[in-house]
Protein chains: 4
Amino acid sequence: MSTLDLPAPYPWPEGKTSAFCFTMDVDAHSPWMWNNRHEVPQLLSHLEQRNFGPRVGIRRIAAILKDLGVKGSFYVPGAVAEAHPWMLPALIEAGHEVGLHGYFHELVAQVSDEEFSRVLDSSLEIFRRQTGETPKGFRSPAWEMTPHMLAEVKRHGFYDSSLMGLDTPHTVDGVVEVPVNWGTDDAIFFKFLGGGDPAPRSPAEILGMWSEEFEASHRFGSLFMLTVHDWISGRGARPVMLESLLEKVLAKGDVWVATVAEVAAHHAAHAMERDQITSHIPETLLEHPAWTRT
Amino acid sequence: MSTLDLPAPYPWPEGKTSAFCFTMDVDAHSPWMWNNRHEVPQLLSHLEQRNFGPRVGIRRIAAILKDLGVKGSFYVPGAVAEAHPWMLPALIEAGHEVGLHGYFHELVAQVSDEEFSRVLDSSLEIFRRQTGETPKGFRSPAWEMTPHMLAEVKRHGFYDSSLMGLDTPHTVDGVVEVPVNWGTDDAIFFKFLGGGDPAPRSPAEILGMWSEEFEASHRFGSLFMLTVHDWISGRGARPVMLESLLEKVLAKGDVWVATVAEVAAHHAAHAMERDQITSHIPETLLEHPAWTRT
Amino acid sequence: MSTLDLPAPYPWPEGKTSAFCFTMDVDAHSPWMWNNRHEVPQLLSHLEQRNFGPRVGIRRIAAILKDLGVKGSFYVPGAVAEAHPWMLPALIEAGHEVGLHGYFHELVAQVSDEEFSRVLDSSLEIFRRQTGETPKGFRSPAWEMTPHMLAEVKRHGFYDSSLMGLDTPHTVDGVVEVPVNWGTDDAIFFKFLGGGDPAPRSPAEILGMWSEEFEASHRFGSLFMLTVHDWISGRGARPVMLESLLEKVLAKGDVWVATVAEVAAHHAAHAMERDQITSHIPETLLEHPAWTRT
Amino acid sequence: MSTLDLPAPYPWPEGKTSAFCFTMDVDAHSPWMWNNRHEVPQLLSHLEQRNFGPRVGIRRIAAILKDLGVKGSFYVPGAVAEAHPWMLPALIEAGHEVGLHGYFHELVAQVSDEEFSRVLDSSLEIFRRQTGETPKGFRSPAWEMTPHMLAEVKRHGFYDSSLMGLDTPHTVDGVVEVPVNWGTDDAIFFKFLGGGDPAPRSPAEILGMWSEEFEASHRFGSLFMLTVHDWISGRGARPVMLESLLEKVLAKGDVWVATVAEVAAHHAAHAMERDQITSHIPETLLEHPAWTRT
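Cut-off values and rules
- For every chain, the first residue of the written sequence is number 1, and numbering continues from 1 onward in sequence order.
- Going through the entries in the order they are written, you letter the chains from A and number the ligands from 1.
- The model is predicted, so local features are restricted to residues of pLDDT at least 70 and side-chain atom pairs to those at 80 or more, both for listing and for counting; the totals for chains, interfaces and linings are taken over all residues.
- Hydrogens are left out, water is left out, and the side-chain values use all remaining heavy atoms of the structure.
- Only heavy atoms matter for contacts: two residues are in contact if any of them lie within 4.5 Å across the pair.
- Here the quantity called buried area is the accessible surface, traced with a 1.4 Å probe, that two parts lose on coming together, added over both.
- Salt bridge criterion: a side-chain nitrogen from Lys or Arg within 4 Å of a carboxyl oxygen from Asp or Glu.
- Pairing of N or O atoms within 3.5 Å defines a polar contact, subject to two protein rules: one partner must be a possible hydrogen donor and the other a possible acceptor, and residues neighboring in sequence count only if both atoms are side-chain atoms.
- The axes are straight lines fitted to the C-alpha atoms, using for helices just the contacting stretch, and the angles between their N-to-C directions are given from 0 to 180°.
- Secondary structure elements are taken from DSSP: a helix is a run of H or I of four residues or more, a strand is a run of E of two residues or more, and numbering for both begins at the N terminus.
- Crossing chirality is assigned from the near helix's rotation relative to the far helix, an anticlockwise turn below a right angle marking it left-handed and a clockwise turn marking it right-handed.
- Each residue is assigned to one of three groups, with Ala, Val, Leu, Ile, Met, Phe, Trp, Tyr, Cys and Pro labelled nonpolar, Asp, Glu, Lys and Arg labelled charged, and all others, Gly among them, labelled polar.
- Each Phe, Tyr or Trp ring (for Trp, its six-membered ring) is paired with any other whose centre lies within 6.5 Å, and the angle between the two planes then decides the class: stacked below 30 degrees, edge-to-face above 60, tilted in between.
- Two thresholds decide whether a charge sits over a ring: the Lys NZ or Arg CZ must be within 6 Å of the ring centre and within 35 degrees of the ring normal.
- Copy-to-copy alignment: least squares on C-alpha atoms, limited to residues at pLDDT 70 or above in both.
- UniProt positions are given in the numbering used here, feature names are shortened, and annotations may be inferred rather than shown by experiment.
- Per-residue confidence from the prediction method is given by pLDDT, with values spanning 0 to 100.
- A cavity here means a set of 1 Å grid points, computed over protein atoms only, where a 1.4 Å probe fits but cannot escape. A pocket is an open set with protein on both sides within 12 Å along at least 5 of 7 lines, and lining residues have an atom within 4 Å of a point.
- Grid points are joined across faces, edges and corners, and a volume is the space filled by probe spheres set on the points.
- Burial classification: accessible surface area is computed with a 1.4 Å probe over protein chains only, and a residue below 20% of its type maximum counts as buried, one above 50% as exposed, and the rest as partly exposed.
- Strands pair, by our definition, only if DSSP identifies at least two bridges between them.

**Description of the interface of chain A and chain D**
Now for step 1: On the chain D side, the residues contacting the 46 residues of chain A number 56 residues.
Now for step 2: Approximately 4500 Å² of surface area, both sides summed, lies buried where chain A meets chain D, with 64% of it carried by carbon and sulfur atoms.
Now for step 3: Counting the contacts that link chain A with chain D gives two salt bridges.
Now for step 4: A salt bridge links E243(D) to R219(A); the nearest nitrogen and oxygen atoms lie 2.7 Å apart.
Now for step 5: For the pair chain A and chain D, the interface holds 17 residue pairs in polar contact (both at pLDDT 80 or more).

The structure is reproduced here in structure tokens:
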């Protein structure tokens, strides 16, 4: 058998051909807090744009999910739960999953291992206090991970949803990974806070692009992981575009529409043996024999 | 009631479903003056591109507004009114609103509170001198605001049209806010002065995008705030595109097409009690217990 | 009469409604020479991409112009004429206009007035030596101009084609200006030399965009100034796209298709009295009373 | 004869009108190694995105090539062959060509001549060890070349496929050059690793663009050199898009679909006399008489 051959299809439940997750990273003002942690500017523009998310955006999208009967996974930074204490309980009451997403949307490359662990505990505490429950999953701010973070996620028994080494569930260092995908993230196409940012793409173009992605995901039997943000996709014509995409997905029939926690539980129960990846960071090439030999 | 529920629709006048404002930020050469305030280059390219606005661009768009019977709101920096003394009187004579937009398009983050207040007075003076009237509204250059600016705008009794924390009228620190929207601003899609700027998008694509935005705005009962610039949307095929957009808006029927001053007056008279926002800038997270606890 | 009224239509010859110029800035390797003037890298990638222009690109486009019977204006840096001595005579033999475009595509903001004048003489010398004729017009590298340059262009009796303060012919400091337009320049949409440059747009999209521009230009009675580059628009599907655009222009009927020299001569003979602009560079606002008053 | 005339058509074999090569630069994690050679970050995001290529991407594309009966040319950095020792043998077994592409995807401008030669030997060694064969061709990482590299490529008797001075095969310094083309490279349209990268374009748009390029390539009798990357075009809807493009190419009939080695061999045997280019790097213009004369 040539190793160019395709692997066996991923075993989705109930004979489904592919899977689909709707997720929202409810960042709101938290990245602003992180970016301005050393000096707080007296400027309102970015804050107000971001506050649109909890005030309006999340509601417009939640109403569409409710109409269509879709349950999603909402990753909420601790600082957002703290500023909007109605949010976690309301999401759970509506049947959605809530998961961890840092406290201040702190960027991985800018915090120490010790700081990460400490702030993860703070996030967990506020989730438990506000909901009476322990969340099942973690999604890293800006989708970066380190071996230390994976070890911490494993210690807590969470799944992770931050990496993209495969487009079906797998494990990394023994943690169930439900992979994300830049191609189906709203921020890279729509995020715009002001001068210097690239102008947003049209919802019609991205609907076309995500429809193509969905057809390909179904053909290849993989997971379509949609990620949107409260203040980005909650504005303008984007909720309408999301509605159109969800209608296409639901109309397909043999797609498993599930929360990320449900996908992670399925993987843990039925497919833990396949695609076990060990995080491996290559050493510097400057000590590699191909570079240094004399 | 779950706090994920949508709020009650905004009470537009005469039972209209949504609203539409046509606005122009008549920047012309004023940002060039600001950007080059410390050293003036002997270069003509940018200046001539910007001068196209008062020479040609504003006229082509004004002719289309006149044909369609649309009254707009024109925000004119003091330096532009000074260089083109015909402009404010001609706009008023044609039935449009004129409003404040800084003197040299000075960027908020680059001026002190004292400088802001001083230059606001200069702008007001030239408006009164040229038109015999006091303008009703203020729009911040580059759409940035501070608590100090809001206090100044309130002291003068102006409305503001610079923030985007909601997509319907509201108040911020007691000032009536008629919100703007990057998604319906021409500059982020079309502005191009030369090497290094991202290339302009096609008018056809943006017409499609703004038509989608308009349909969504109507569905959600919000305000479609269109913002164009004299030297940007006055050039090439863009006035024709604006004409097509306005025709769609006018054909819809139950959309309230109004000046920003009319929208602000309506809000002050009929909806002052809803959506009262207090500007609140979070303190540094470094003093937050979630970050610093030991 | 309100000054918001549109001016009288530009008086094109023979009752034509609008005008169209096909121009090529034959930069080839000359910007590479300028960018690397202080240190020459031993790298071939950019040079070979640029050499494609004189080897192939200019020929593919010239063949299309010949088929359609369109005469264009080709602005050739001195260094390009020097490296390809067949070029100027061959262009003239084919009925095209040739014009000045710097010697090494030197950027205006990076040369002194004295250097500009000296290098302009070198360019003129090589044109006279290779063609036996004095060119009629000047186009500035990267479309920048200074009052000094305009004075030099006037001293030589050239027209200029570098600014965009109007979209019909006019004068600046007494020099006939046949204006350019970033929106109908190929480089901003297609130029790509390697890592870091924004990816090129599709010829189909730009054909749509330029077709819109052409219809608007015709509606407003202005000049459609198309500018392409040998190594950019001579590659891939772009010559085919140019052919499609030219076919649309020719099919319109009442468009004056002319060289830039012909347009300049027409303006000098029939419309010199209108739109006389004096270059005026505002002084620093820091000495403006609105900024400094106490 | 005017030198603006088009040259004689390239002599493709069997009376074919144009040619088409499918190539993959199998970069996987090797550029990550090069970029982080001085300090290795403990971050997994980019590595996992790149590892998707050898795990999944190359397989999905290889399956499509197999279905359509297309043989491609795969340029594999030494470090990728070393990390995935199944890859070179599996590609050869499937009938594809394998070629050299650096060891760590080292960028030309960042290595000395001596380092280039030394690392080229390392690459060659691993190819010979894993396949028992000597590869026929070289493609430079990031498509940069120097006169030294050409001399080394010539010493080994390889063809090169890295430059774009023509769009048909030719020679540079006596080395057969099968030219590449940024316009038909996937990375410039799709590559996205995270924050700061421009967002990817839609596969539908690029399929349209490449179809236009293909029609033009056929009209002008040139070579369509398609270049994709394992971890970029192997993801999402892009393999499906490649399938659609290949179906168009195969349906055309008189296109020669060949590996790069086959094209290079054809050129060496039948067209060596035409288009012989000598690498020539101009000296600094500061010593040019047009610049320095007094």
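**Some points on the packing of helix α5 (residues 113–131) of chain C against helix α6 (residues 147–156) of chain C**
Residues and elements named next belong to chain C.
Now for step 1: In contact at an axis separation of 10 Å, α5 and α6 are set at 35° when each is read in the N-to-C sense. Regarding α5 and α6, the two cross each other, and that crossing is right-handed. Residues D113, F116, S117, L120, D121 and L124 of α5 touch α6, and the partners they reach there are H148, M149, E152 and H156.
Now for step 2: For the contact of α5 with α6, a count of residues per class yields four nonpolar, three polar and three charged.

**So, unusual backbone geometry**
Now for step 1: One non-glycine residue, W143(A), lies in the positive phi region at around 60°.
Now for step 2: With a phi angle near 50°, D173(B) is a residue other than glycine that sits in the positive phi range.
Now for step 3: Structurally, D173(B) is set in the loop between β6 (170–172) and β7 (175–177).

**Section: the arrangement of the chains**
Now for step 1: In this view chain A stays clear of chain C, with the nearest C-alpha atoms of the two still 11 Å from each other.
Now for step 2: Spatially, chain B and chain D are disjoint, and the shortest separation between their C-alpha atoms is 11 Å.

**Points about the packing of aromatic side chains**
To describe a pair of aromatic rings, you give the distance between the ring centres and the angle between the ring planes.
Now for step 1: In this structure the tally under the stated criterion is 48 aromatic pairs over all chains.
Now for step 2: By way of ring pairs, the aromatic residues W34(A), Y103(A), F104(A) and W291(B) are connected into one cluster.
Now for step 3: Sitting above the plane of the F52(B) ring, R235(B) keeps its charged end 4.2 Å from the centroid.

**Regarding the side chain of E152(D)**
Residues and elements named next belong to chain D.
Now for step 1: The topology assignment puts E152 in helix α6 (residues 147–156).
Now for step 2: A distance of 2.9 Å separates polar atoms of two side chains, one belonging to E152 and the other to S117.
Now for step 3: Apart from residues lying up to four places away in sequence, E152 is in contact with F116, S117 and L120.

**Structural notes on the relation of the copies chain C and chain D**
Now for step 1: The two copies are related by a screw operation: chain C maps onto chain D through 90° of rotation and 0.0 Å of translation along the axis, at an RMSD of 0.0 Å. One copy is carried onto the other by what is essentially a four-fold rotation axis. Within chain C, P198(C) has its C-alpha nearest the rotation axis, a separation of 5.6 Å.
Now for step 2: When you check the interface residues of chain C against chain D, a mere 4% turn up at the interface there too, and the two sides of the contact use different surfaces.

**Here's the deal with the UniProt feature "domain: NodB homology" (unreviewed entry) in chain A**
Now for step 1: Mapped onto the present numbering, the UniProt feature "domain: NodB homology" (unreviewed entry) falls at residues 41–258 of chain A.
Now for step 2: Counting secondary structure, residues 41–258 of chain A comes out at 49% helix and 13% strand; the distance between its end C-alpha atoms is 41 Å.

**Focus on the confidence of the model for chain A**
Now for step 1: Here chain A averages 96 in pLDDT, while 99% of its residues score no lower than 70.
Now for step 2: Predicted complex, confidence summary: ipTM 0.97, pTM 0.97.

**A few points about the layout of surface pockets**
Now for step 1: By volume, the second largest pocket amounts to about 990 Å³.
Now for step 2: Contributing to the lining of the second largest pocket are 43 residues, with N51(D), P54(D), R55(D), V56(D) and R59(D) lying nearest its centre.
Now for step 3: Contributing elements (two or more residues each) for the lining of the second largest pocket: α8 (203–220) of chain A together with α2 (45–68) and α3 (78–83) of chain D.
Now for step 4: Considering each element in turn, the lining of the second largest pocket owes the most residues, eleven residues, to α2(D).

**Observations regarding the pairing of strand β8 (residues 223–229) of chain A**
Residues and elements named next belong to chain A.
Now for step 1: For β8, a buried count of seven out of seven residues is recorded, marking the element as mostly surrounded by other parts of the structure.
Now for step 2: By the alternation rule, side chains of β8 split into L223, M225, T227 and H229 and F224, L226 and V228, which are all buried.
Now for step 3: Here strand β1 (residues 18–25) pairs with β8 via seven bridges, running parallel. The residue bridging F22 from the neighbouring strand is L226, located in β8.

**A look at the interface of chain C and chain D**
Now for step 1: Facing the 56 residues of chain C at the interface are 46 residues of chain D.
Now for step 2: Buried area between chain C and chain D, both sides added, is near 4500 Å², and the carbon and sulfur share of it is 64%.
Now for step 3: In this structure, the connection of chain C to chain D is made through two salt bridges.
Now for step 4: For D167(D), the salt bridge is made with R60(C), and the minimal N-O distance between the two is 2.9 Å.
Now for step 5: On the surface where chain C and chain D come into contact, there are 17 residue pairs in polar contact (both at pLDDT 80 or more).
Now for step 6: For the side of chain C that touches chain D, the secondary structure elements donating two or more residues are α1 (30–35), α2 (45–68), α4 (87–93), α5, α8 (203–220) and α10 (238–252) of chain C.
Now for step 7: With 14 residues, the single largest contributor to the side of chain C that touches chain D is α2(C).
Now for step 8: Among the residues forming the side of chain C that touches chain D, the class breakdown is 31 nonpolar, nine polar and 16 charged.

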